[in-house]
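# Notes for the structure review
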Amino acid sequence: MSRPPEQLGGQLGGKPGNRPGRDDSPDRLYTLTGGRSRSAPGNPFDLVTLVVAESDPVPGMQSEHAAILRLTERPTAVVELAAVLRLPVSITKVLLTDLLATGRVSARHPRRTAVTDPDILEQVLVGLRNL
Amino acid sequence: MDSATSDPAEAADPGPGPDADPDSARRPPLRASADNGLKIVVVGGFGAGKTTLVRSVSEICPLSTEETMTRAGESVDDVSAVRDKNATTVAFDFGRVTLDAHNVLYLFGAPGQERFWFLWDRLFTGALGAVVLVDTRRLDDSWYAIDRLERHGTPFVVARNDFGGPDFAPQAVRDALDLDPDVPLVHCDARLRSSSKRVLIALVEHAKHRYPHSRSRSYDGQVPVLDELNKELPR
C-alpha cells in the first residue's frame, strides 16, 4: 500500500493509521514473513482458532514471534492476535504456522460440527441467557 | 486498491499497539480451559449499527483487524499482490463473549455490500449464523446480504435496529425484503445489551430449529425469545 496513512485515514473518515497494517509498508510485511503471506490452502488456522503458548520467548527470536508467545500464555484467538499485533490476519497466520511447526504453540481449532450440533447450540443458548 | 471498513462513524477502538500490552485490563484473558471458538457474523449496510451491537454484548472493547483478499476469494499468496488492483483490503470489527468454560463466541461486524462477497464465503465459513441488521430507512442495503445468506444456507435472523426512522409494520419490512416466512424478523435497540443479547438468542434458537434432523433432543417447536420479541412489537 503506497498511499500515506493520512490519506487512508481521511478516506476512512477515521483517525489516520488506526487500522492494523495500514501504516505498514508491504515491504515490512514481506520481511516479517520472508515473502510468504498465507496460507497455503492447508493452513489450519481459523479466525477463532485458540492459540496457546507451549514455550517462553527466547533471546534472538523474531520479535513478532516473541510477542505472540507472550500474548498466548492464556488461550487467544487468531483474530485477537492479529488485532493486538496490528497485523493483517493472513500475516498473523503465517507467523503462527512457523510457531506451530516448531512446537512453540499449540492450536485448539473450532469444532466444525458445532454449527449443526444441537448440544453445542444448546450450550451457546445457555451461555447467552446467563450473560 | 479498494478498501472499506464497516463503519467509520462507529469505528472500533483501535486498541494499543503490540509493544506494551496495557490493554490486558480491557481485554481480560480467556480461561485456560477455553477450547472452542464460535462465530456469529453481524452484517448490515453502512451505519446500520453493527459495531454498536457488538459493543453492547462484548466483554472486550471491540477490536479491529483486516484481511487482504483477491477477487478470486483467495488470500493473496504473495505480499506484492497487495499492490495488485484485484486485491481488496477488508477491515472488520469484532468482539468476544465467553459462554462457559470451553466455548467462546466471537461476533464479527462485516460490511454487507455486494463487492465483499468473497469475505463472506471465505472468512466466515463455519459461523453459527448471521444477524442482518437493517435500518428501515435503507432497506435496500440488506437485499444482497439476505440473498447471499440464503444461497449459502447460513441460518440468519433479520434484526430491525430502532433508529426512530419510519415505523413500518413488520409485514411491510418482510415484504420489502422479500423475506422467507421462516426467517425470524426481530426488533432491537443495538445500544442495549439486553436487546442485543436477545437477538443473538433468537438467532441460535433459529439455528437449532434449522437442523431438525440433527440429534435434537429438546426442541419442542417453541421459540420463546421470538414470541417475547414479537409481543413487544406494537405494530
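### A look at the overall build of chain B
Scanning chain B from N- to C-terminus turns up 6 helices and 8 strands. Expressed as a percentage of its 235 residues, the buried residues of chain B come to 57%. Expressed as a percentage of contacts within chain B between residues at least 6 apart in sequence, the contacts between residues at least 24 apart total 75%. In the form shown here, chain B has an accessible surface area of approximately 9,500 Å², with 50% of it arising from carbon and sulfur atoms.

### Description of the environment of A:Arg74
By the secondary structure assignment, A:Arg74 is in the loop between α3 (63–71) and β2 (76–77). Put simply, A:Arg74 and A:Val105 are 31 residues apart on the chain and 11 Å apart in space, counted from C-alpha to C-alpha. There is a polar contact of 2.9 Å between the side chain of A:Arg74 and the backbone oxygen of B:Leu30.

### Things to note about the nonpolar core
Note that soluble globular proteins tend to have their nonpolar side chains buried in a common cluster. Core analysis: the largest hydrophobic core is formed by 30 residues, its most contacted members being A:Val124, A:Leu128, B:Ile40, B:Leu105, B:Leu107 and B:Val131. Among the elements of the structure, α6 (118–129) of chain A together with β2 (36–44), α1 (50–57), β5 (103–111), β6 (129–134), β7 (156–161), β8 (185–188) and α5 (193–210) of chain B are those that each provide at least two residues to this core. Tallying contributions element by element places α5(B) first for this core, with 7 residues. In this structure B:Val131 touches B:Ile40, B:Val41, B:Val42, B:Val43, B:Val157, B:Ala159, B:Val199, B:Leu200 and B:Leu203, once residues within four positions along its chain are discounted.

### Notes on α6(A)
Residues three or four positions apart in an α-helix share a direction because the helix packs 3.6 residues into each turn. Along its 12 residues, α6(A) runs 16 Å from first to last C-alpha, staying within 8% of the 16 Å computed at 1.5 Å per residue. The set of residues buried in α6(A) consists of A:Pro118, A:Ile120, A:Leu121, A:Val124, A:Leu125, A:Gly127 and A:Leu128. Here the buried face of α6(A) lies against β2, β5 and α5 of chain B. For α6(A), the capping residue at the N-terminal end is A:Asp117, with a side-chain oxygen 2.7 Å from the backbone nitrogen of A:Asp119.

### Overview of the pattern of salt bridges
Using the criterion set out here, one finds 11 salt bridges over all chains in the structure. With a shortest N-O distance of 3.2 Å, B:Arg138 and B:Asp135 are connected by a salt bridge. Under the relative-accessibility criterion, B:Asp135 is labelled buried at 3%. Each of A:Glu80, B:Arg27, B:Glu59 and B:Arg96 takes part in a single network of salt bridges with overlapping partners.

Calculation rules
- Residues numbered from 1 in each chain as written.
- Chains lettered and ligands numbered in written order.
- Predicted model: local features only at pLDDT ≥ 70, side-chain atom pairs only at ≥ 80, totals over all residues.
- Heavy atoms only, no water.
- Helix = DSSP H or I, 4+ residues; strand = E, 2+ residues; numbered from the N terminus.
- Buried < 20%, exposed > 50% of the residue type's maximum accessible area, 1.4 Å probe, protein only.
- Contact = heavy atoms within 4.5 Å.
- Areas by Shrake-Rupley, 256 points an atom, 1.4 Å probe, with all protein chains shown as cover.
- Polar contact = N/O pair within 3.5 Å; in protein donor to acceptor, adjacent residues only side chain to side chain.
- Core = buried A, V, L, I, M, F, W, Y, C linked by side-chain atoms within 4.5 Å.
- Expected span 1.5 Å × (residues − 1).
- Salt bridge = Lys/Arg side-chain N within 4 Å of Asp/Glu carboxyl O.

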